[in-house]
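Given next are the chains, with one letter for each unit.
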Amino acid sequence: MDAGPVDAAVPERDGDLPDVAIPTPDVGVDSATCGTTPLPVSFRSPRVLVLFDRSCSMRRLVDGGDSSGEDDPNSRYQTARRAIERQVGRYGDRVHWGIMLIPELELDCDGVPTIRVLPAAGRQDRIRNVFANPRVNPERLCANGRQPRVTPTLQTLESAASITDWRADGHDHVALVVTDGASGCGSTVGRLESATQALRDLGVRTAIVGFGPEVTGDSARGKLDAIALAGGLSSSAASPHYYIADDEASLDSALDRILREAVSCRFDLETPPPAEDRVFVFVNDEEAVRDDANGWRFNEGSVELVGSSCERLQRGEITRVNVVFGCPELVCEPQPETCNGLDEDCDDRIDEGCLL
């Protein structure tokens, strides 16, 4: 029996289909429509004031013996001089250098120490010129009796706190003491601690390197520890808290450790981004990885290079840092040069036009 006609499904015409919103694929921040906005950053070099011991004992050899004269390359003075000059050359304008002498030429305990070179950009040659002055070498003045046999570290710290010209807004500040013994001139542990704390209250951290065999004796340890603990840049949680160097290599290493801590890898953003996850950082025109170990991280309105990236910046291997919002596309927006070892005006030259 014929079951009769079967109603066949008639396909709907396109015009009969309901309107359906077709989702647009999420292509993330790589889409050409996301835009790229440069975020100006600020990076200021720390101001490091070297308090350099040139007392009569600095004429001796590093191991405690007598030197052969002012040109003896193994004297404490010549060894420490070379170490400082190496760091000045190594860090360049990544550090703004200055120097005070302990003691000033021919001054006794009652003299008022002054800053020989005010910390600022382009001071490298001036630091070298200070050491090139033959009277700064203690051999000559100590040998003829014109320089008192004193080490006024306390008075130099107090003077550094009273002089305002070397401190500037926006910079970190460090007093770096290099000495071969304890402070004299009526100093006590308490007075040294107070003088160093006064600097700290002004925003100046103090680091101290003890150089030579005398710095580990009982008479020196308490005084040097007082400076290290109050200064905020101690080498160890246990005494001795100050850095100890017994030869040129260890002195160079101690200075480098201090300066690495002094040179920040933080770049402050002038305008906070709307969203942290769309911030991208470029170093030397290559995108850096956002990584807390060896890349960069976002840190309270700033980006901070960390790990090996920070070390490269401190060594001067990174000369350009750009931060953008939106797409991961390099945009170098020229900014004024601020004499910090970086190319901020995007012309592939560093610190040109800075006042020296």
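Residues numbered from 1 in each chain as written. Predicted model: local features only at pLDDT ≥ 70, side-chain atom pairs only at ≥ 80, totals over all residues. Heavy atoms only, no water.

Trainee: Explain the sheet that holds strand S13 (residues 302–305) to me, please; I cannot follow it from the model alone.
Mentor: Within a beta sheet, neighbouring strands are joined by backbone hydrogen bonds and run either parallel or antiparallel to one another. Strands sit in the order S2-S9-S13-S12 across an open sheet of 4 strands; the sheet is antiparallel. The open sheet has two edge strands with one neighbour each: strand S2 (41–42) and strand S12 (296–298). In this sheet, S13 lies alongside S12 in antiparallel orientation, the contact comprising 3 bridges. Counterpart to Phe298 in the pairing with S13 is Val303. (Pairing = 2+ DSSP bridges. Helix = DSSP H or I, 4+ residues; strand = E, 2+ residues; numbered from the N terminus.)

Trainee: Teacher, can you tell me more about the packing of helix H1 (residues 76–91) against helix H7 (residues 248–262) here?
Mentor: In a packed pair of helices, the relevant descriptors are the angle between the two axes and the axis-to-axis distance. Where H1 meets H7, the closest approach of the two axes is 10 Å, and the angle between their N-to-C directions is 40°. Taken together, the axes of H1 and H7 lie oblique to each other. Relative to H7, the crossing made by H1 is right-handed. Contacts between H1 and H7 involve Thr79, Ala80, Arg82, Ala83, Ile84, Arg86, Gln87, Arg90 and Tyr91 from the first element and Glu248, Leu251, Asp252, Leu255, Asp256, Leu259 and Arg260 from the second. Here the contact of H1 with H7 is built from residues that sort into 7 nonpolar, 2 polar and 7 charged. (Axes fitted to C-alpha atoms, helices over the stretch in contact; angles between N-to-C directions. Parallel < 35°, antiparallel > 145°, perpendicular 65-115°, else oblique. Left-handed = near helix turned anticlockwise from the far one by under 90°. Contact = heavy atoms within 4.5 Å. Nonpolar A, V, L, I, M, F, W, Y, C, P; charged D, E, K, R; others polar.)

Trainee: Just checking my understanding: could you explain the pattern of salt bridges for this structure?
Mentor: Opposite charge on two side chains permits pairing when their charged atoms draw close. Tallied over the entire structure, the rule returns 26 salt bridges. Its salt-bridge partner being Asp252, residue Arg90 comes within 3.3 Å of it at the nearest N-O pair. Residue Arg90 is located in helix H1, and its partner Asp252 is located in helix H7; the two are separated by 162 residues in the primary sequence. Look at Arg90 and you get partly exposed, because its relative accessible area is 37%. The salt bridge partner of Glu276 is Arg290, with a shortest N-O separation of 3.8 Å. Taken together, the residues Glu276 in the loop between strand S9 (266–269) and strand S10 (279–283) and Arg290 in the loop between strand S11 (286–287) and S12 connect sequence positions 14 residues apart. Residue Glu276 is classed as partly exposed on the basis of its relative accessible area of 42%. A single network of salt bridges, built from pairs that share partners, joins Arg82, Arg86, Arg90, Glu248, Asp252, Asp256 and Arg260. (Salt bridge = Lys/Arg side-chain N within 4 Å of Asp/Glu carboxyl O. Buried < 20%, exposed > 50% of the residue type's maximum accessible area, 1.4 Å probe, protein only.)

Trainee: I'm lost on the side chain of Glu304 in this one. Help?
Mentor: Relative to the helices and strands, Glu304 resides in strand S13. Owing to a relative accessible area of 18%, Glu304 belongs among the buried residues under this scheme. Within the structure, the side chain of Glu304 is placed 3.1 Å from the side chain of Asn299, a separation counted as a polar contact. Beyond its immediate chain neighbours, meaning those up to four positions away, Glu304 contacts Cys265, Arg266, Gly295, Trp296, Arg297 and Asn299. (Polar contact = N/O pair within 3.5 Å; in protein donor to acceptor, adjacent residues only side chain to side chain.)

Trainee: Would you take a moment to explain the nonpolar core for this structure?
Mentor: Considering soluble globular proteins, one finds that nonpolar side chains tend to be buried as a cluster. Among the nonpolar cores identified, the biggest contains 38 residues, and Phe52, Trp97, Ile99, Leu176 and Val209 are the most heavily contacted of them. The set of elements that each furnish at least two residues to this core consists of strand S3 (47–53), H1, strand S4 (96–102), helix H2 (124–132), strand S6 (173–179), strand S7 (204–211), strand S8 (243–245) and H7. Counting 24 residues, the second-largest nonpolar core is a separate cluster that includes Leu154, Ala160, Ala175 and Val177. (Core = buried A, V, L, I, M, F, W, Y, C linked by side-chain atoms within 4.5 Å.)

Trainee: Just checking my understanding: could you explain the packing of aromatic side chains for this structure?
Mentor: Two aromatic rings are characterised by how far apart their centres lie and by the angle between their planes. All told, the structure shown has 4 aromatic pairs when counted by the stated rule. Taken together, a centroid distance of 4.8 Å and an interplanar angle of 25° make the contact between Phe43 and Phe267 stacked. With a gap of 224 residues between them, Phe43 in the loop between S2 and S3 and Phe267 in strand S9 connect regions that are remote in the sequence. What makes Phe43 buried here is its relative accessible area of 4%. For Phe267, a relative accessible area of 1% corresponds to the buried category. Measuring from centroid to centroid gives 5.0 Å for Phe52 and Phe131, while their planes differ by 70°, and the two rings are edge-to-face. Taken as a pair, Phe52 in strand S3 and Phe131 in helix H2 lie far apart in primary sequence, 79 residues in all. Comparing Phe52 with Phe131, the two get one shared label, buried. Joined through ring pairs, the aromatic side chains of Phe52, Tyr77 and Phe131 make up one cluster. The ring of Phe325 carries the charged tip of Arg278 above its face, separated from the ring centre by 5.6 Å. (Phe/Tyr/Trp six-rings, centres within 6.5 Å; stacked < 30°, edge-to-face > 60°. Lys NZ or Arg CZ within 6 Å of the ring centre and 35° of its normal.)

Trainee: Looking at this structure, how should I read H7?
Mentor: What sets the pattern is the α-helix's 3.6 residues per turn: residues three or four places apart point alike. For H7, with 15 residues, the first-to-last C-alpha span of 21 Å sits near the 21 Å given by 1.5 Å per residue. Along H7, the residues classified as buried are Leu251, Asp252, Ala254, Leu255, Asp256, Ile258, Leu259 and Ala262. In this structure, the buried residues of H7 make contact with S3, H1, S4, S6, S7 and S8. Where H7 starts, the residue carrying a side-chain oxygen 3.3 Å from the main-chain nitrogen of Ala249 turns out to be Asp247. (Expected span 1.5 Å × (residues − 1).)

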